[in-house]
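# Remarks on the overall topology
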Amino acid sequence: MLQTDDVPPMSFGAIGLNRTDVFSSRLEIAKSAGKFEVQASTESIENKETKQSEMFARALTFKGKGVKIDYRCANPSLMKIPKALNDPMVFTFDITPEAVLMLTKGHSAMTCDEVMFTGTIKDGVSLEMRDINGDVMSYVISDTVITESKDSTTFKHNYPVKILLSLFKVMPSSKINISTRGIMRIAINNLNLYIMPRV
């Protein structure tokens, strides 16, 4: 997950979240108690490139009615951004709840680990799942795909099914972007999530 656009105003420059399962479970406990609020304790570090001091969130405290839970954040300066994320997004299409339901059913029926997304300007976008015997299930996700490039008119990439299903269950109607190298970007609750293609 990398978010640089539409970031809400904060009293510090950055926040690094690792251990996302721990973050989610502790956040949910405090939210479910009512009267929810978050406090951040900050720390200053020197940016090695600019040689200037920058503030970041060192820890969060989730508070609810009668409950308080701490969560230690990661140091953003130690979180390396893969160079691949600089790959421009060139394809865009929509995924619907019907497509997510079909992906869920297909995963159960085909017992596969990967799903292939194929897109062409002419035919739109479809998904394909293949079991260990070579049996194939395909489904048309969208009749249209938009491209930002005159040179790129098709794509074909494999992705881990379980990761996609966990994201699509949170946001069954969403806009999908695919980069030139096949990196998939999904915006969920205004956060950009990136799924790397499998080779």
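See the structure shown above.
Residues numbered from 1 in each chain as written. Predicted model: local features only at pLDDT ≥ 70, side-chain atom pairs only at ≥ 80, totals over all residues. Heavy atoms only, no water.

Once that is clear, we can look at the sheet that holds strand β3 (residues 67-72). Ordered by their spatial adjacency, three strands build an open sheet running β1-β2-β3, and the pairing between neighbours is antiparallel. Bordering the open sheet on either side are β1 (37-46) and β3, each of which pairs with just one other strand. Going from strand to strand, the sheet's axes swing by 25 degrees on average, the running direction of each strand aside. With six bridges joining them, strand β2 (residues 53-64) and β3 adopt antiparallel strand pairing. Residue pairing across strands places K63 opposite K68, the latter belonging to β3. The strands touched by helix α1 (residues 20-32) are β2 and β3; relative to β3, the strand with the most contacts, the crossing angle is about 160 degrees. (Pairing = 2+ DSSP bridges. Helix = DSSP H or I, 4+ residues; strand = E, 2+ residues; numbered from the N terminus. Axes fitted to C-alpha atoms, helices over the stretch in contact; angles between N-to-C directions. Contact = heavy atoms within 4.5 Å.)

This brings us to the pairing of strand β6 (residues 124-130). Alignment of strand β5 (residues 114-120) against β6, held across five bridges, turns out to be antiparallel. Its bridge partner being in β6, T118 is matched across the sheet by S126. Two successive antiparallel strands, β5 and β6, enclose a turn made up of three residues. Summarising the sheet, β6 and strand β7 (residues 136-142) pair through six bridges and their orientation is antiparallel. Looking at β7, one finds that E128 is bridged to S138. Counted between consecutive antiparallel strands, the loop separating β6 from β7 contains five residues, among which G134 sits at a positive phi close to 90 degrees.

Tallied over the full model, the rule gives four salt bridges. Residue E43 is joined to R58 by a salt bridge in which the shortest nitrogen-to-oxygen separation is 3.1 Å. Note that E43 is positioned in strand β1 and R58 in strand β2, a separation of 15 residues in sequence. Its relative accessible area of 33% is what places E43 among the partly exposed residues. Residue R58 is classed as buried on the basis of its relative accessible area, which comes to 18%. Across the pair K175 and D94 runs a salt bridge, and its minimum N-O distance is 2.9 Å. Here the residue K175 occupies a position in strand β10 (residues 174-179), and D94 occupies one in strand β4 (residues 89-95), the gap between them amounting to 81 residues. (Salt bridge = Lys/Arg side-chain N within 4 Å of Asp/Glu carboxyl O. Buried < 20%, exposed > 50% of the residue type's maximum accessible area, 1.4 Å probe, protein only.)

Here we take up the environment of R26. When you line up the elements, R26 lands in helix α1. R26 gets classed as partly exposed once you look at its relative accessible area, which sits at 28%. With 35 residues separating them in the primary sequence, R26 and T61 have C-alpha atoms 9.6 Å apart. Other than its neighbours up to four places away in sequence, R26 contacts R19, F62, I69, D70 and Y71.

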